[in-house]
Amino acid sequence: MHRNPSHGTQLLRRFLQQAESYNRCMFPKTSSTPINKPVKHDDNYITEQILFCQNGIDKMNIRNSSVEKTSNEEILIADVTSNEYKYETSSLELNVVQQCCIVSIISPYAFTIQLTRDLVESDAFFKTMNDYYNSIDDLHIPREYLRKNLLCVTWDPIVSAWNRSQIMEYDLSDDTVNVFFVDLNSWEEHVPRARLRFILTKYSQRPVRLLTCRLAAITPLSDHEWNNVVLKTFQNVVHNCSCDVEPLYKGRDNTFYVNLFAAHDEAYVCINDFLIHCKMARPIDDISKEKNQVYMLDEHGQPMHSMIALYWKAGETMRENEICAKPIHTDLHSSVSSDSFQTKYSLSNLPLTKVVMINSHEQLIFARYNSYIMIPGFTISNLLNELDEEKIKRFANKLGFKPVIIELFSHPGLYSQLLTLLTKSFTPSRIHLYSIDCIRKLLQICECTHENLDELLDRARLAEAKDDLSFWEKSYKLQ
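Residues numbered from 1 in each chain as written. Predicted model: local features only at pLDDT ≥ 70, side-chain atom pairs only at ≥ 80, totals over all residues. Heavy atoms only, no water.

- For the chain, the name recorded in an unreviewed UniProt entry is Tudor domain-containing protein, with Adineta ricciae as its organism.

### Concerning the overall build of the chain
For step 1, the next point in the chain: What the chain contains, in helices and strands, is 14 helices and 20 strands.
For step 2, the next point in the chain: Residues classed as buried in the chain amount to 47% of the 479 residues present.
For step 3, the next point in the chain: Long-range contacts, defined as pairs at least 24 residues apart, comprise 67% of the intrachain contacts of the chain with a sequence gap of at least 6.
For step 4, the next point in the chain: Here the chain displays about 25600 Å² of accessible surface, and carbon together with sulfur accounts for 52% of that area. (Helix = DSSP H or I, 4+ residues; strand = E, 2+ residues; numbered from the N terminus. Buried < 20%, exposed > 50% of the residue type's maximum accessible area, 1.4 Å probe, protein only. Contact = heavy atoms within 4.5 Å. Areas by Shrake-Rupley, 256 points an atom, 1.4 Å probe, with all protein chains shown as cover.)

### Points about the pattern of salt bridges
For step 1, the next point in the chain: Here the structure, examined in full by the defined rule, presents eleven salt bridges.
For step 2, the next point in the chain: Two residues, R143 and D175, come together in a salt bridge whose shortest N-O distance is 3.7 Å. A residue pair is termed long-range when its members are at least 10 positions apart, and R143 in the loop between helix 3 (119-134) and strand 5 (151-156) and D175 in the loop between strand 6 (161-171) and strand 7 (176-181) qualify at 32 residues.
For step 3, the next point in the chain: The class for R143 is partly exposed, based on a relative accessible area of 34%.
For step 4, the next point in the chain: A relative accessible area of 21% means that D175 is categorised as partly exposed.
For step 5, the next point in the chain: The shortest N-O distance in the salt bridge between R195 and E188 comes to 3.1 Å.
For step 6, the next point in the chain: Among the charged side chains, a salt-bridge network with shared partners connects R143, D175 and R193. (Salt bridge = Lys/Arg side-chain N within 4 Å of Asp/Glu carboxyl O.)

### Observations regarding the environment of R214
For step 1, the next point in the chain: Summarising the element assignment, R214 is placed in strand 10 (residues 211-215).
For step 2, the next point in the chain: Given the relative accessible area of 13%, R214 is considered buried.
For step 3, the next point in the chain: Once you skip the residues sitting within four places of it in the chain, R214 turns out to touch P108, Y109, F111, T255, F256, Y257 and V258.

### With respect to the pairing of strand 18 (residues 372-376)
For step 1, the next point in the chain: Counting buried residues along strand 18, five of its five residues qualify, which places the element largely inside the surrounding structure.
For step 2, the next point in the chain: Burial along strand 18 is two-sided: Y372, M374 and P376 facing one way and I373 and I375 facing the other are all buried.
For step 3, the next point in the chain: Inspection of the sheet shows strand 17 (residues 363-369) paired to strand 18 by three bridges, in the antiparallel sense. Within strand 18, the position partnered with Y369 by the bridge is Y372.
For step 4, the next point in the chain: For strand 18 and strand 20 (residues 430-435), the ladder comprises three bridges, and the chain directions are antiparallel. (Pairing = 2+ DSSP bridges.)

### Topic: the sheet that holds strand 9 (residues 196-198)
For step 1, the next point in the chain: Taken in spatial order, the five strands line up as 8-7-6-5-9 in an open sheet, and their pairing is antiparallel. The sheet is open, and its two edges are formed by strand 8 (186-192) and strand 9, each paired on a single side. Taken over all neighbouring pairs, the strand axes of this sheet differ in orientation by 45° on average, direction set aside.
For step 2, the next point in the chain: Relative to strand 8, strand 7 runs antiparallel, the two being bridged by five bridges. Looking at the pairing, T176 lines up with P192 of strand 8.
For step 3, the next point in the chain: In this fold helix 3 packs onto strand 5, strand 6 and strand 9, with an angle of close to 75° to the strand it touches most, strand 6. (Axes fitted to C-alpha atoms, helices over the stretch in contact; angles between N-to-C directions.)

### Here we look at the nonpolar core
Soluble, globular proteins show a tendency: their nonpolar side chains are buried together.
For step 1, the next point in the chain: In this structure, Y132, Y133, L146, I167, V177, L196 and Y203 are the most contacted members of the largest nonpolar core, which totals 42 residues.
For step 2, the next point in the chain: Per element, the largest residue contribution to this core is five residues, and it comes from helix 8 (residues 306-325).
For step 3, the next point in the chain: Filtering out sequence-adjacent residues up to four positions away, Y133 remains in contact with L139, V153, W162, R197, F198, I199, L200 and Y203.
For step 4, the next point in the chain: Counting residues in hydrophobic clusters, the runner-up holds 32 residues, among them V356, L384, I436 and L453. (Core = buried A, V, L, I, M, F, W, Y, C linked by side-chain atoms within 4.5 Å.)

### Points about unusual backbone geometry
Note on backbone geometry: most residues besides glycine have negative phi, and most peptide bonds are trans.
For step 1, the next point in the chain: The residue S160 is not glycine, and still its phi comes out positive at about 55°.
For step 2, the next point in the chain: Within the element layout of this structure, S160 appears in the loop between strand 5 and strand 6.
For step 3, the next point in the chain: Of note, H190 is a non-glycine position whose phi angle comes to about 55°, a positive value.
For step 4, the next point in the chain: For H190, a relative accessible area of 56% puts it in the exposed group.

### Quick look at the environment of L275
For step 1, the next point in the chain: Relative to the helices and strands, L275 is located in helix 6 (residues 271-277).
For step 2, the next point in the chain: Residues L275 and F234, spaced 41 residues apart in sequence, show a C-alpha to C-alpha distance of 8.1 Å.
For step 3, the next point in the chain: With residues up to four places along the chain from it excluded, the contact list for L275 reads P108, L215, I218, V230, T233, M280 and A281.

### Quick look at the packing of aromatic side chains
Each aromatic ring pair is characterised by the separation of its centres together with the angle its planes make.
For step 1, the next point in the chain: Summed over the entire model, instances satisfying the criterion amount to 15 aromatic pairs.
For step 2, the next point in the chain: An angle of 90° between the planes, with centres 5.3 Å apart, marks the rings of Y145 and F198 as edge-to-face. Taken together, the positions of Y145 in the loop between helix 3 and strand 5 and F198 in strand 9 put the pair 53 residues apart, joining distant regions of the chain.
For step 3, the next point in the chain: On the basis of relative accessibility, which here comes to 23%, the residue Y145 falls in the partly exposed class.
For step 4, the next point in the chain: With a centroid separation of 5.1 Å and an interplanar angle of 55°, the aromatic rings of W155 and W162 are classed as tilted.
For step 5, the next point in the chain: What makes W162 buried here is its relative accessible area of 7%.
For step 6, the next point in the chain: Of note, K148 hangs over the ring of Y372, and the distance from its end group to the ring centre comes to 4.4 Å. (Phe/Tyr/Trp six-rings, centres within 6.5 Å; stacked < 30°, edge-to-face > 60°. Lys NZ or Arg CZ within 6 Å of the ring centre and 35° of its normal.)

### Things to note about the sheet that holds strand 19 (residues 404-407)
For step 1, the next point in the chain: Here five strands make up an open sheet; going across it, the order is 16-17-18-20-19 and the pairing antiparallel. Looking at strand neighbours, the two that pair on one side only are strand 16 (353-357) and strand 19, the edges of this open sheet. Strand-to-strand twist across the sheet, computed as the mean angle between neighbouring axes with direction ignored, equals 40°.

### Focus: helix 3
For step 1, the next point in the chain: In a regular helix each residue adds 1.5 Å, so 16 residues correspond to 22 Å; helix 3 covers 22 Å between its end C-alpha atoms and thus fits that length.
For step 2, the next point in the chain: Within the span of helix 3, buried status applies to S122, F125, M129, N130, Y132 and Y133. One side of helix 3 carries all its buried residues, which in axial view fall inside an arc of 160°. Turned more than 90 degrees away from the buried face of helix 3, the exposed residues are V120, D123 and K127.
For step 3, the next point in the chain: Residues of helix 3 that are buried make contact with strand 2 (76-77), strand 4 (110-115), strand 5, strand 6, strand 9 and helix 4 (201-204). (Expected span 1.5 Å × (residues − 1). Arc of directions from axis to C-beta.)

Have a look at this one:
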C-alpha cells in the first residue's frame, strides 16, 4: 500500500473513528460489572485487529457485518488472538477406500495425505489467499506481537508462495522465528520476521484439510525407529502413482491409522503388506499398543499434534547432539566444571517457580510449565486488588487466551510449590496459569501501572524465547 504522508494523520484519525463506530455496533456495552474501564480497552483491543484493505483506509467503509454489504465492501480483520487452527476430519469416512495424494513423508508412522475430492477447493483457496498477499505491502508483524502459537502467513521464496503458519518459537535478539506450516505438515527454522504477515480471520478460520497418517498394524523389525532403507522404499513405492487410503481409526493425537494402496501398471500394492513381505516390518496389534502409547502433551494437557511433537523431539535431539559433540577433558577441573554444568542446567534440579519482588510489599510469581514461563492467576488477583479469579479467566477468554489448569494429581510438583506461595487461607483444587502475553493484555485492560512490571515481563518473555534455563536461578534486582 502507498500512503500520502501529508494526509497520514487525517486518514488515521478517520480510520480510528470509523473503527470505533464499527465496534460500538458490533460490541455494545453489556450489563456486566466493569473493572477499571474495561469496555473502553476492549474496544481498543478489537480496533487494533481491524485492518485496512489495499485501496486505502480512507476508502474503507467499516460497519456492522450483519448489514448487507455491496460487492466492493469488505471488513478485513487480522487474527491476533487465536492459538490454533481447526483440523477438519468430519468428511473422512472410516473403513472406506478413498482416493488421495501424498503431500509429504517423514516415515511410515508420519506421512501426510489429502483426499482427492478436496484438491480443487483447496487449490482455489490458496490461490485466493496468495493473490491477496501478493497484492499488498502491509500486515507486517511488529516485534511486540511475536508470541508462541501466533497464527500468521509466511512467505516461501523457494516456491514463491504464502503459507499458513503457526509460530513455534521466536528469537528476539535475531528477530527470527521457527514456524510450522499447517497445510504442509512441515516446519522451517530461523525465518526472518520480514517474511511474516498477520493472517486475516477469513483465512485462519478455514479448517486444515490435511490428514496426518501412519501405516496401521505394522511396526519396525527392531521395535525402534524406521531406518533409511525402509523410508526410501516407502517413498519409491508411492512416487508418481495414484494412491488410495483406507482410514481404520483415529489415535488420541488425531493421527489416522490407515491402509495405504499404490496403483502401478503391473500391480495394486498395499504398502502395509508390502513392507512386511520385504521383511522391513512385522505385523502388530497397534490398537492395543495405542491405548498404552505415551504422548507428548500440549499446554492444555492433551496429546500433541504428531508432527508438532516431531518438531519438539527434533529440537531435543539436536541439543543432545550438541552436548555430546563438546570435547571431553580428563583433568579434574574440567570434570568438576562439566558436572556442575549438567547439574546446574538439569531440568529436574531447576525450581518450578520463581518469585520476584516488584516493590516492598508486592510480588510476581512465575511458573515453569514445560518450555513456557507462565503466571498463576492468584498472583495477578493480588496485583489487581483481589480481583476475582473467575473474572480474570473470563477476560482472558475474551482476549483469546485459555489458561493451563494445574492440579495435584496432574502436576504434583508444580502444584505443591505454587501452593506454598498462596497467601489465602483456603486450598484450591485447581490453579490457573496464564501466558506472559495474556497477562500483559490483562494489565493493560485493568490500567495496572506498576512501573517495574513491563521490564520484568520483558525479561521473562526473552528468557522463554531463548529457552534460557538460567532464568529460574538468576535473581533480579529491579530499579
